[in-house]
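Examination of the molecular architecture
Residues per chain are reported as follows:
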Amino acid sequence: MLLLRSVAGSRLYGTFTENSDFDFFEVHDHIKPNQRKLADGTDTIKMPLSQWLRLCEKGTHQALDAMWCPPELTEVDRLGVAFRFSYRVDPWRVHDQLIRTAVALESSRNSEKRDKHALRLRHLADTVLERGWYDPTEWGRMRGEE
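Residues numbered from 1 in each chain as written. Predicted model: local features only at pLDDT ≥ 70, side-chain atom pairs only at ≥ 80, totals over all residues. Heavy atoms only, no water.

As for the nonpolar core
Judged by nonpolar contacts, the single largest core of 25 residues is most densely connected at Trp-52 and Leu-64. Those elements giving two or more residues to this core turn out to be strand S1 (2-8), strand S2 (22-28), helix H2 (49-58), helix H3 (61-67), helix H5 (91-107) and helix H6 (112-131). With five residues, the top contributor of residues to this core is H6. Excluding residues that lie within four positions of it along the chain, Leu-64 makes contacts with Cys-56, Gly-59, Tyr-87, Val-89, Val-94 and Tyr-134. Counting five residues, the second largest nonpolar core, distinct from the first, contains Val-7, Tyr-13, Phe-24 and Cys-69. (Core = buried A, V, L, I, M, F, W, Y, C linked by side-chain atoms within 4.5 Å. Buried < 20%, exposed > 50% of the residue type's maximum accessible area, 1.4 Å probe, protein only. Helix = DSSP H or I, 4+ residues; strand = E, 2+ residues; numbered from the N terminus. Contact = heavy atoms within 4.5 Å.)

Topic: the pairing of strand S3 (residues 35-39)
Bridge count between S3 and strand S4 (residues 42-48): five bridges; the pairing is antiparallel. Paired with Leu-38 across the bridge in S4 is Asp-43. Here S3 hands over to S4 after two residues, with Asp-40 in that stretch at a positive phi of 50°. (Pairing = 2+ DSSP bridges.)

Concerning the sheet that holds S4
Taken together, the five strands give an open sheet; going across it, the order is S3-S4-S2-S1-S5, and neighbouring strands pair in mixed fashion. Each having just a single partner strand, S3 and strand S5 (74-77) make up the two edges of the open sheet. Taken over all neighbouring pairs, the strand axes of this sheet differ in orientation by 20° on average, direction set aside. (Axes fitted to C-alpha atoms, helices over the stretch in contact; angles between N-to-C directions.)

Examining the pattern of salt bridges
Working definition: two side chains of opposite charge can pair if their charged atoms are close together. Tallied over the entire structure, the rule returns seven salt bridges. Of the charged contacts, one joins Asp-43 and Arg-36 as a salt bridge, the two residues approaching to 2.4 Å between their closest N and O atoms. Arg-36 gets classed as exposed once you look at its relative accessible area, which sits at 58%. Salt-bridge contacts for Lys-116 lead to Glu-112; the nearest nitrogen and oxygen are separated by 3.8 Å. With a gap of four residues between them, Lys-116 and Glu-112 both fall in helix H6, about one helical turn apart. A relative accessible area of 37% places Lys-116 in the partly exposed class. Classification of Glu-112 by relative accessible area gives exposed; the value is 60%. Through salt bridges that share partners, Arg-5, Glu-26 and Glu-75 make up one connected network. (Salt bridge = Lys/Arg side-chain N within 4 Å of Asp/Glu carboxyl O.)

In structure tokens form, the structure reads like this:
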């Protein structure tokens, strides 16, 4: 059963262009781990609930983006906004993971897109320390990219 289907990537962050594809993140009760489907300009990542929650605890930003995705950007939400928005993580653990990911992006091939992504992750890391959660749509609004 599909438990959650949320917009992901640039359309969630508010940084998309007319050439951007559509990205979705899905959480299911029982499926094989980490399925990815690319079709007709749509990229969908699917995973079981147990794996998704482990990734949230670890501080994987894509998993947390889906957890805290605003209701207007979710197509299916059988978990409920109350559960998702009350979910909190160990802020230091998540901060460290987000910073490690940002550093890895910064040290990879230089590109404007990766640099922007690294800046966004650094902002999320600081926000998690401050609030214990973050709004994945905030970066685009702050930068006027919505």
